[in-house]
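Summary of the model geometry
Okay, here's what each chain looks like letter by letter:
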Amino acid sequence: MNFTMNKLFVIQLIVSFIVGGVAIALLSFMAEKANKKVAGIILAFPMTVALGFFFLGWTLSPQAVADVVPATLIPLGLSALFAAVYPHIAEYSAKIIENKLWQIIISFVISISVWFALAIPLAILKLNNLAVGVAGYVLLILVAHVLLQRNNDEKPVTLIYTLSQKIGRATFIGFIIFLVVFLGKTLSPFFGGMFAMFPAAFSSLMMILHWYYGPKSLFPTMQ
């Protein structure tokens, strides 16, 4: 019985990785065919959340997912904050670092460290109060909104991905959904729910934009 359960868990992990990657590849293709505003909506679609919850429910139970949903609201707000913080750090790093690869690495590491520093304690404390979650989410959205409000002459870039970029995004997000299932099963549903809110789509999008179009393109696109 234990062998059968372990085998099923491995299958669930593999399927979550493949389905997550394919779904993101499809969204990237759809975004290329849409106008800029619609493309932004498509790329911001919470696919990681939707698939993460689906596979958590499959691996654990629908009730386990329902129990952790209030605890995921603040990490979701932190993902919006990440999308607002990264452009500021990228712009500042470009002034002191010439190498673009290091600019991206530093911008990502600092921005995602803020996300982890604030999200992990919530998973450890298992804070699933709905009122607290909603209040925290609204506050973080307002902070992100303020950070992104600035005069900017740059226009959102046309989002066209090369084949390697599509494969890279699909692999990265497939891996995050893999982690959602793995951590939800091995640690607790709260850690799985937290990683379901990981800004995988935002981070992969911003790193690509940063590399090909520079940090100035990040503000209008994230707006």
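Up top is the structure.
Residues numbered from 1 in each chain as written. Predicted model: local features only at pLDDT ≥ 70, side-chain atom pairs only at ≥ 80, totals over all residues. Heavy atoms only, no water.

Some remarks on the overall build of the chain
A tally of regular secondary structure across the chain gives 11 helices and 0 strands. Listing every helix and strand of the chain by position from the N terminus yields α-α-α-α-α-α-α-α-α-α-α. The buried share among the 223 residues of the chain stands at 47%. Within the chain, counting contacts between residues at least 6 apart in sequence, those at least 24 apart form 83% of the total. Element-wise, carbon and sulfur atoms account for 72% of the exposed surface of the chain, whose accessible area totals about 11,400 Å². (Helix = DSSP H or I, 4+ residues; strand = E, 2+ residues; numbered from the N terminus. Buried < 20%, exposed > 50% of the residue type's maximum accessible area, 1.4 Å probe, protein only. Contact = heavy atoms within 4.5 Å. Areas by Shrake-Rupley, 256 points an atom, 1.4 Å probe, with all protein chains shown as cover.)

Re the nonpolar core
Counting 57 residues, the largest nonpolar core has Tyr 86 and Trp 115 as the members making the most contacts within it. For this core, the element with the most residues is helix 5 (residues 73-96), which contributes 11 residues. (Core = buried A, V, L, I, M, F, W, Y, C linked by side-chain atoms within 4.5 Å.)

Focus on helix 10 (residues 200-213)
Along its 14 residues, helix 10 runs 20 Å from first to last C-alpha, staying within 8% of the 20 Å computed at 1.5 Å per residue. Positive phi appears at Gly 214, one or two residues downstream of helix 10, with a value of about 90 degrees. (Expected span 1.5 Å × (residues − 1).)

Thoughts on the side chain of Ser 107
Mapped onto the fold, Ser 107 is located in helix 6 (residues 100-125). Within the structure, Ser 107 has its side chain in polar contact with the backbone nitrogen of Ala 90 (distance 3.5 Å). With residues up to four places along the chain from it excluded, the contact list for Ser 107 reads Tyr 86, Ile 89, Ala 90, Ser 93 and His 210. (Polar contact = N/O pair within 3.5 Å; in protein donor to acceptor, adjacent residues only side chain to side chain.)

A closer look at the side chain of Ser 93
Mapped onto the elements, Ser 93 comes out in helix 5. Dropping the residues within four chain positions of it, Ser 93 is found in contact with Gln 103 and Ser 107.

Considering the packing of helix 8 (residues 163-186) against helix 10
Contact geometry of helix 8 with helix 10 gives a least axis separation of 9 Å together with a crossing angle of 150 degrees. Classified by the interaxial angle, the pair formed by helix 8 and helix 10 is roughly antiparallel. The two elements helix 8 and helix 10 cross, and the hand of that crossing is right-handed. Contacts between helix 8 and helix 10 involve Gln 165, Arg 169, Phe 172, Ile 173 and Ile 176 from the former and Ala 200, Ala 201, Ser 203, Ser 204, Leu 205, Ile 208 and Tyr 212 from the latter. (Axes fitted to C-alpha atoms, helices over the stretch in contact; angles between N-to-C directions. Parallel < 35°, antiparallel > 145°, perpendicular 65-115°, else oblique. Left-handed = near helix turned anticlockwise from the far one by under 90°.)

Regarding the environment of Ile 105
Here Ile 105 is to be found in helix 6. Overall, the relative accessible area of 33% leaves Ile 105 in the partly exposed class. Spatially, the C-alpha atoms of Ile 105 and Met 207 are 8.7 Å apart, while their sequence positions differ by 102 residues.

Things to note about the packing of aromatic side chains
Evaluated as defined, the whole model comprises 5 aromatic pairs. Measuring from centroid to centroid gives 6.1 Å for Phe 82 and Tyr 86, while their planes differ by 50 degrees, and the two rings are tilted. In this pair, Phe 82 and Tyr 86 are both assigned in helix 5, 4 residues apart and thus about one turn of the helix distant. Per residue, the accessibility class of Phe 82 equals that of Tyr 86, and both read buried. (Phe/Tyr/Trp six-rings, centres within 6.5 Å; stacked < 30°, edge-to-face > 60°.)

Section: a nonpolar patch on the surface
On the surface, a nonpolar cluster with roughly 610 Å² of combined accessible area is contributed by Val 10, Ile 14, Phe 17, Ile 18, Val 22, Leu 26 and Phe 175. Among the secondary structure elements, Phe 17 is positioned in helix 1 (residues 2-33). Given the relative accessible area of 31%, Phe 17 is considered partly exposed. (Patch = residues over 30% accessible without salt bridge, like charges linked within 9 Å, V, L, I, M, F, W, Y side chains within 5 Å. Salt bridge = Lys/Arg side-chain N within 4 Å of Asp/Glu carboxyl O.)

What to know about the environment of Ala 170
Checked against the element boundaries, Ala 170 lands in helix 8. By relative accessible area, which is 12% here, Ala 170 ends up buried. In this structure, the C-alpha to C-alpha distance between Ala 170 and Leu 27, residues 143 residues apart in sequence, is 9.8 Å. Apart from residues lying up to four places away in sequence, Ala 170 is in contact with Gly 21, Ile 24 and Ala 25.

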